[in-house]
Amino acid sequence: MKLTFNTKEFRRTLEKFYHIFDRKALIPALSYIQFEAGKDELKLTATNLENTLIITQKQTIQDSGTTLIHGKKLHELISKLGDEDCLLTEEDNGCRLKLKRSNWHLQGQPADSFPTIKPVNTEQTFDISSSDLFEGLSRAMVCVDKDNSKALENCTNGIHITIEDSYLLIITMDNYRLFKFKSFVDTSLELKLNLSTRTVRALLAILSDMKGEIIRIGVDQDKFVLQAEGLLFTANTYTGKYPTVHRIFTDYLDQIGVDPSILIKSLARLKLLAEQTISMANFSIRGDCEDLVITFSVKDNGTAEERVPIIGRYRPEFNIDVGINLNILTQDLAKEHGMMLIGFQYKKPEYAAAVTADSLVPLDNLRYISFVPMLDQNDYSYSWHVGPGRA
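Source: prediction; values computed, not measured.

> Which parts of the structure should I look at to understand the pattern of salt bridges?
Note on pairing: side chains with opposite charge can pair once their charged atoms come close. By the definition in use, this model includes nine salt bridges. One salt bridge in this structure joins Lys 16 and Asp 209, with 3.6 Å as the shortest N-O distance. Of this pair, Lys 16 sits in helix H1 (residues 7-17) while Asp 209 sits in the loop between helix H5 (197-207) and strand E15 (214-220), and the two are 193 residues apart along the sequence. Accessibility expressed as a relative area gives 12% for Lys 16, which makes it buried. Judged by its relative accessible area of 26%, Asp 209 falls in the partly exposed class. Ionic pairing is found between Glu 306 and Arg 269, a salt bridge with its closest N-O pair at 3.0 Å. Remark: Arg 269 occurs in helix H6 (residues 260-270) and Glu 306 occurs in strand E21 (residues 302-311); sequence separation between them is 37 residues. With relative accessibility at 15%, the residue Glu 306 sits in the buried group. Relative accessible area serves as the criterion here: at 42%, Arg 269 is assigned to the partly exposed category. Look at the salt bridges and you will find they share partners, linking Arg 12, Lys 16 and Asp 209 into a network.

Structure (structure tokens):
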């Protein structure tokens, strides 16, 4: 095999493989990228047996052939090169890369040691903008459970994807909050699956450079399939329990509108009293009040109260007093820009049994507070677990 490629352009291709090839693989071939050179076309394949990525692109091919090149070493080398042409030549024990002032030999593996990749068959698919999918996945990753002890079994360190009424929903949760992203898709396909955090990171690396390109999503038995021009990505899906989040996220919340800049500045001042431990701030609203009142108290440090003006026509029909983790709330709100709506919702008694039936989260005494930023055409919501307030 012998081919020539531009290092700057090839670097962008390798970035997509970064979360695919296994850097600590027990099977050596899983750390390698398979290069298959044909007539004016190069096919690159990497897999970790959970995720597989295949990219086909036009290249200047002098001699056809197949070889395996260590993914991490190749990525590190190409990342440190500028914009120049590189000649890649297959040798007996690997490959050689020749540049203007560099000459490298990378040890390889036998081409037949690479796992056989089965072709996929997706009979039902739908199209979606890569930028919409990237936004939903990147926001969802903020709320992924960092505790992996029960994560895969219970889907709390991954994401849940479903299609309902022509809307793609991306849902995830940790011990503090739930997240839902909604984007319209023109399809009647029924879809419900769970993807691991590792798969989501791989997807984000692939989508980050697509710049709004339309991609195609489908399912082949137990595999999630993403297709774009010259690209095929597959990932294993997982079964597991997931909350009945419709019982938390509802379209009929009592809501108030606030200026996000005023709210974020108020929370920042309150955090001056916060300690490293869990810090609960009290949020209270009275039906006839014009302000959202936030109070915070730390023993031996002091107490503080901030009032955030309520704007818009939304008023709760009942008084609200809830305690919210100040650090988590501040972290999430700091990422948002523009007008937002904050909706307060009490758990109704019938929620507990319905949600707990297929959920990790015991909701007997929990309530949630949600906010829905009024941004663009996509709808996404965070809900935070709250405790009883100090009425």
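Having seen the structure, we can now continue with the description.
> It is not clear to me how the layout of surface pockets should be interpreted in this structure. Could you clarify?
Over the atoms rolls a probe the size of a water molecule, and in doing so it shows where empty space is left. Size it by volume and the largest pocket reaches roughly 410 Å³. Among the elements of the structure, H1 and strand E4 (51-58) are those that each provide at least two residues to the lining of the largest pocket. Split by residue class, the lining of the largest pocket holds five nonpolar, five polar and seven charged. Each pocket or cavity is described by its volume, and for the second largest pocket that value is around 350 Å³. Surrounding the second largest pocket, 20 residues form its lining, Thr 52, Ile 117, Lys 118, Lys 223 and Thr 234 being those nearest its centre. For the lining of the second largest pocket, the elements supplying multiple residues, two or more each, are E4 and strand E17 (231-236). The element that contributes the greatest number of residues to the lining of the second largest pocket is E17, accounting for four residues.

Reading the values: rules and limits
Residues numbered from 1 in each chain as written. Predicted model: local features only at pLDDT ≥ 70, side-chain atom pairs only at ≥ 80, totals over all residues. Heavy atoms only, no water. Salt bridge = Lys/Arg side-chain N within 4 Å of Asp/Glu carboxyl O. Helix = DSSP H or I, 4+ residues; strand = E, 2+ residues; numbered from the N terminus. Buried < 20%, exposed > 50% of the residue type's maximum accessible area, 1.4 Å probe, protein only. 1 Å grid on protein atoms, 1.4 Å probe; cavity = no way out; pocket = protein on both sides within 12 Å on 5 of 7 lines; lining within 4 Å. Points joined across faces, edges and corners; volume = space filled by probe spheres on them. Nonpolar A, V, L, I, M, F, W, Y, C, P; charged D, E, K, R; others polar.

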